[in-house]
Amino acid sequence: MFGIVPTIICRQRLFRLLTVSTLIIFSNTVFAQQAITLQLRWYHQFQFAGYYMALEQGYYRAAGLEVTILPGAPDIVALDKVLTGEVQFAVSASGALLAYLEGAPVVALAAIMQKSPSVWLMRADSDIYTLQDLAHARLELSMSKENTELLAVFAKEGVDIGKLQLNQSSMQLDNLLSGKTDAFNAYLSNEPYLLEQMGVPYRVIHPIEYGVNFYQDVLITHADYLAKQPAEVKAFVDASLAGWRFALDNIDYSIAHIQQHYAPQKTIEHLRYEATVLRSLIMPDLVEIGHMNPGRWQQMAETYQRLQMIDKLKPLPDFIYPAPRSANYSVLLKMLLLMLFMIGVLSFITLKFRRLTGALQAEIARHGVTERQLLARNQELLQMATTDLLTGLSNLRAILQQANAEIRRASRYQKDLAVLMLDIDHFKQINDQHGHAAGDKVLIEFAGLCLQSIRETDLAGRYGGEEFFILLPEIDLATAILSADRIRMAVAAHPFTLNDGNSLNVTCSIGIAMYRPEQDSLDKLLLRADQALYQAKRQGRNRCCVQHHPYDAG
C-alpha cells in the first residue's frame, strides 16, 4: 500500500517521519517505555525482518515500547509462551486458531503471510509424487498445533491421520539426505535453498495444491493482556507493521542488517533467497500487510470441524483483532499540526502530506475490489494446479501424474490397467461452422458425458484440444472395450444444444491400450493408445479400436 511513496532518499525520510508521527498520535497514552517481549517461531532469519526493522528504525521506541526479540528453537513453542504469560507477543501459525477453538485465550493480531510456505519436501529420486503416495511414506513433522495444515491436507483427501508414519522432526535434513526418512516438513524459503546448494534435486507437495491455504506467521497475544493493555497492543501492532513495510521496501538494507546483527551464520545469498520467496507469500503489492479476512478465518475453522479436529465451532470475533478500515480526518489533522510544530516547514510538509492522504484515501476506496481480486486469484491458482478450467476435468499435468501412480500400483500389485484416448470427430468443422463458443460448449458437454459413463474409481482428464484421456484401473480388455463403447454410444445419442437453440450430432473415436508390465512405460502406453485412436479414425470414425486388434463398434 505504501509502494506509492517515491524511493528517493528525501522521500524515504519523509515516510519514516510520517510513520513515527502516526505511531505517537495514534497511541492514546504516552508510555514510559514499557518493556515488551516478542517470541519468534524459529531462529533469527529474514522470516522476521519486519520486527527487526521496527526495532532498528525506532518505531517501537517512538510508540513508547522497549522491545526484546527472542529467537525460537526446536524445543520452543511460541504459542505456549504467550498462553503461559512468559511473553506478551509471539509469532505463531494458523494453529493458533485451532488452540482458540479448543478454548485457549489467544488473539490473532495480524497475518503476515497471506499464503503459507509450509510444504512436504522429498528427494526427487523418491517414488513420491502425490499426497496419496505420501500417506504411505515415513514422515518427519514438528508435532505441534502450529503445523496442523500439513496434517489437515491428509484428512481433506480422506487419508486417516492416525495411520500416518509420523516421527518427531529432527529439524535437520540429515535423515532425508541419508534415506532414513521419506518426507520432511519444510519452509519454501529455507530447506529448498539448502538442497540446491548441495546439488540435491527435490520436489515438494504444497497443501495449497489440495485446497488447504492457511495464513502463516500470525502475530498473537493473550486475550487477558489485550483486555488490560489495549493501547500497548495497538501501538505494538502498528509499529510492527510499519517495520514490515520498511523491510519489504528496503530488502537489501534489511538483509545486511539481519546478517550483521541477527544471523551471521547465514549468507547474504541465502537471506536474499528467503526474502524473495517470503515477499511472494506476503503479497504486499496486492493486499495490505497484516490483513486478516474474517471470512477466511471462518473457512479455516470450518475446515477443522469437517476434519473432526474440533467438536464444534465458536464465534471468532474474540479471536480476530479489529483493525481500523476508514480514514479518520481529525487524526490526520493532528498529524499535520504535529509535523508543522516539529519541523517548521509548513509548505513542504503540507504538500507531501496531502499527496500521501490522497493515496491512502484512494487505496481505501479500492480495498473491497482488491479483496475480491485476491480471493479470485487464490481460487484460480488452486484450479490451475489440477483442473482444466473449461471442462472441469483433471488437466494434463494432473492426469499424467495420476497415470504414473496407477502404473506403479498396477505393476506392484499385478493389476490390469486400461487407457482410453478419445477424440471428437470433425471437431474443426464445428469451430469453423459454428464458432469457438459452440466448440467450447461441445467440449464441456462431452466431458460431462464421459464422467457419467465411467465408474467412480476411473479417472478422466483433458489431454489437449478436443482429445481426452481416461484411466480404467483394475479392468480387463473386454470390459475396457464395453466401457469405451458405452461412452461412444452416449456421445452419438446426445443432442449437443448450441446457444442459438440449434443442436448438433457429434461422434467420437476411441483408442484402447492395456498396460503391459514387462514392456510399458507411461510414454509407451500412451503411444499405443494414440495409435489405436488414429486406427479408429482411419477406419471411418465413430468407433473404438485396440492396437493391432481393431474393434468396430459402429
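Let us look at the structure shown here. The shown structure was predicted, so the numbers you read here are calculated from the model rather than taken from an experiment.

1. A look at the packing of aromatic side chains
Given two aromatic rings, one states the distance between the centres and the angle between the planes to describe the pair. By the definition in use, this model includes 15 aromatic pairs. An angle of 50 degrees between the planes, with centres 4.9 Å apart, marks the rings of F446 and F468 as tilted. Of the two residues, F446 sits in helix α20 (residues 436-453) while F468 sits in strand β13 (residues 467-473), which places them 22 residues apart along the sequence. Accessibility expressed as a relative area gives 1% for F468, which makes it buried. Within the aromatic cluster, the residues linked to one another by ring pairs are Y60, F89, Y225 and F236. The cationic tip of R203 hangs over the ring face of Y129; the distance from NZ or CZ to the ring centre is 4.2 Å. Above the ring of Y100, the side-chain terminus of K314 is found at 4.3 Å from the ring centroid.

2. Structural notes on the sheet that holds strand β3 (residues 89-92)
Read from one edge to the other, the open sheet built from 5 strands follows the order β2-β1-β3-β10-β4, with strand pairing classed as mixed. The open sheet has two edge strands, β2 (65-70) and β4 (106-113), and neither has a second partner. Taken over all neighbouring pairs, the strand axes of this sheet differ in orientation by 25 degrees on average, direction set aside. In this structure, strand β1 (residues 34-39) lies alongside β3, joined through 2 bridges in parallel fashion. Among the inter-strand pairings, Q39 is bridged to a residue of β3, identified as A90.

3. What to know about the packing of helix α2 (residues 49-56) against helix α11 (residues 230-249)
Any two packed helices are characterised by the angle at which their axes cross and by the distance between the axes. The N-to-C vectors of α2 and α11 enclose an angle of 105 degrees; their axes lie 7 Å apart at closest approach. On the basis of their axis angle, the class for α2 and α11 is roughly perpendicular. Packed against α2, whose contacting residues are A49, G50, Y51, M53 and A54, the element α11 presents A239, S240, G243, W244, F246 and A247 at the interface. Taken together, the residues that form the contact of α2 with α11 break down as 8 nonpolar, 3 polar and no charged.

4. Some thoughts on a nonpolar patch on the surface
A contiguous nonpolar surface patch, about 500 Å² in accessible area, is contributed by F341, M342, I343, V345 and F348. Considering every element that reaches the nonpolar patch, the biggest residue donor is helix α15 (residues 329-343), with 3 residues. With respect to the element layout, F341 can be found in helix α15.

The rules behind each value
- Residues numbered from 1 in each chain as written.
- Predicted model: local features only at pLDDT ≥ 70, side-chain atom pairs only at ≥ 80, totals over all residues.
- Heavy atoms only, no water.
- Phe/Tyr/Trp six-rings, centres within 6.5 Å; stacked < 30°, edge-to-face > 60°.
- Helix = DSSP H or I, 4+ residues; strand = E, 2+ residues; numbered from the N terminus.
- Buried < 20%, exposed > 50% of the residue type's maximum accessible area, 1.4 Å probe, protein only.
- Lys NZ or Arg CZ within 6 Å of the ring centre and 35° of its normal.
- Pairing = 2+ DSSP bridges.
- Axes fitted to C-alpha atoms, helices over the stretch in contact; angles between N-to-C directions.
- Parallel < 35°, antiparallel > 145°, perpendicular 65-115°, else oblique.
- Contact = heavy atoms within 4.5 Å.
- Nonpolar A, V, L, I, M, F, W, Y, C, P; charged D, E, K, R; others polar.
- Patch = residues over 30% accessible without salt bridge, like charges linked within 9 Å, V, L, I, M, F, W, Y side chains within 5 Å.
- Areas by Shrake-Rupley, 256 points an atom, 1.4 Å probe, with all protein chains shown as cover.
- Salt bridge = Lys/Arg side-chain N within 4 Å of Asp/Glu carboxyl O.

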